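Single-letter residue listing:
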Amino acid sequence: MARGSERWVSCLVTRRRTVLIDGWYGQLNTGDDAYCAVGAHWALREWGVVPRFVGRPTSLPLLPEEARGASPERPLFSGHTRVSHIIHAARARSVVQLGGSRFSRALRSHQDLDRLRRLRRLEMLASSISVGPFKSRSDARAVGDLLGRFRFISVRDSASLDRLVDVAPSAHAHLGFDAAVLLPDVLCVEMPLREVARRRPVLGVSVCPFESVGGGDRDLEREATRLRRVQELVARVVDATGCAVRMLVMCGHPKWGDEAASIKMADSLAARTNVTITRYSRVTADMLWAIAECDAVIGMRLHASILAYALGVPFAVASYTSKNDDFAAELGADPNVCFSSDGPDPH
């Protein structure tokens, strides 16, 4: 982890520059907010600049360091957001793809950046990204062609590195880790001291309605099975330990967020134990503290597990895509702490 971070910093921090940081930002998602926090911290402390993030200013997280949005608050015409991103990229010396699963296919924004790179000297870098899995050979070829032109790439797991080497053998790639693990250091949040029998233990639970909001192959039965298995597991833990449950809404987006699914699970568990809901907050430190105060976490959202790991909170991974499995494999985690809709019984 440290070596991957050092490579990232040594590659990027060479001189004062204007930086555009690209990712799934401004979607009211704690995992992507964590990347914003880490990126803003490094840009200010190491590069000496306030970065621009691809996202609307009022949707970006509220952070100790200043972070500016590169998307219009209210688009005035069709394509306004895309044009705004191109303009900010044209003004930048470097564009950094920081975090997330953005390289399973070639996005239009990637193509825009590549055209800019050919027109002028634009430095493209990536850190903490996942690569693949690809749905088609054309997707793999397009991603490989694009990443082969990056000056530096740090992927967050070995599976991504293997896929990248396969599609872009000449890419300047390194195995790093997920930059979100730096969030407790950036925000100065530590694991709270725990006194023996001081209170009822708390189990944090993060869910994710992936298929029903347009992700994956729209297999709604698979999603229902996964959520049911997590609910049954939580119920068994509650019965065995008497713990309280804290539902962690890691994504507050009105379309593909977690709140409705979290409320539904909370209602189903309310007769068994005390259940509270920590709703998504743009104050990223609040979400981090909510996880730090748990005694254990069951994370369906990837960054519920990653942030629990960063804080030293025991966790289990309820996998809904390969990125969850890749993270657990990267840690060398016991297979019993990672389960999916159709895997072995998670008890």
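Reference entry: report on the structure contained in this document. Fair warning: this is a prediction, and the values are worked out from it, not measured in the lab.

Analysis parameters
Residues numbered from 1 in each chain as written. Predicted model: local features only at pLDDT ≥ 70, side-chain atom pairs only at ≥ 80, totals over all residues. Heavy atoms only, no water. Axes fitted to C-alpha atoms, helices over the stretch in contact; angles between N-to-C directions. Helix = DSSP H or I, 4+ residues; strand = E, 2+ residues; numbered from the N terminus. Parallel < 35°, antiparallel > 145°, perpendicular 65-115°, else oblique. Left-handed = near helix turned anticlockwise from the far one by under 90°. Contact = heavy atoms within 4.5 Å. Nonpolar A, V, L, I, M, F, W, Y, C, P; charged D, E, K, R; others polar. Buried < 20%, exposed > 50% of the residue type's maximum accessible area, 1.4 Å probe, protein only. Arc of directions from axis to C-beta. Polar contact = N/O pair within 3.5 Å; in protein donor to acceptor, adjacent residues only side chain to side chain. Salt bridge = Lys/Arg side-chain N within 4 Å of Asp/Glu carboxyl O.

## With respect to the packing of helix α11 (residues 302–311) against helix α12 (residues 322–331)
Working step 1: Put simply, α11 and α12 touch, their axes get as near as 10 Å, and they point 20 degrees apart. When the interaxial angle is binned, α11 and α12 end up roughly parallel. For α11 against α12, the interelement crossing comes out left-handed. Contacts between α11 and α12 pair Leu302, Ser305, Ile306 and Tyr309 from the former with Lys323, Asn324, Phe327 and Leu331 from the latter.
Working step 2: Of the residues contributing to the contact of α11 with α12, the split by class is five nonpolar, two polar and one charged.

## Details of helix α5 (residues 137–147)
Working step 1: By the burial criterion, the buried members of α5 are Ala140, Val143, Gly144, Leu146 and Leu147. Seen along its axis, α5 keeps its buried residues to an arc of 165 degrees; they face one direction. The exposed set on the far side of α5, more than 90 degrees from its buried face, consists of Arg137 and Arg141.
Working step 2: Looking at the buried side of α5, the elements it contacts are β4 (94–103), α4 (108–119), β5 (123–131), β6 (152–155) and α6 (158–167).

## Some remarks on the environment of aspartate 325
Working step 1: Along the chain, the position of aspartate 325 falls in helix α12.
Working step 2: Separated by 15 residues in sequence, aspartate 325 and serine 340 place their C-alpha atoms 9.1 Å apart.
Working step 3: Once you skip the residues sitting within four places of it in the chain, aspartate 325 turns out to touch Ser319 and Cys338.

## Quick look at the side chain of aspartate 258
Working step 1: Looking at the element boundaries, aspartate 258 is found in the loop between β9 (244–248) and α9 (259–269).
Working step 2: Here arginine 301 takes part through its side chain, which lies 2.8 Å from a polar atom of the side chain of aspartate 258.
Working step 3: Leave out the neighbours within four places in its chain, and aspartate 258 touches Val207, Cys208, Pro209, Val249, Met250, Cys251 and Arg301.

## Comments concerning the pattern of salt bridges
Working step 1: Enumeration over the complete set of coordinates arrives at 18 salt bridges.
Working step 2: A salt bridge links aspartate 112 to arginine 82; the nearest nitrogen and oxygen atoms lie 2.8 Å apart. With a gap of 30 residues between them, aspartate 112 in helix α4 and arginine 82 in helix α3 (residues 80–91) connect regions that are remote in the sequence.
Working step 3: Among the ionic pairs, arginine 272 bridges to aspartate 239, the shortest N-O distance being 3.2 Å. On the criterion of sequence distance, the pair formed by arginine 272 in the loop between α9 and β10 (275–278) and aspartate 239 in helix α8 (residues 220–241) is long-range, its members being 33 residues apart.
Working step 4: Residue classification places arginine 272 among the partly exposed residues on the basis of a relative accessible area of 46%.

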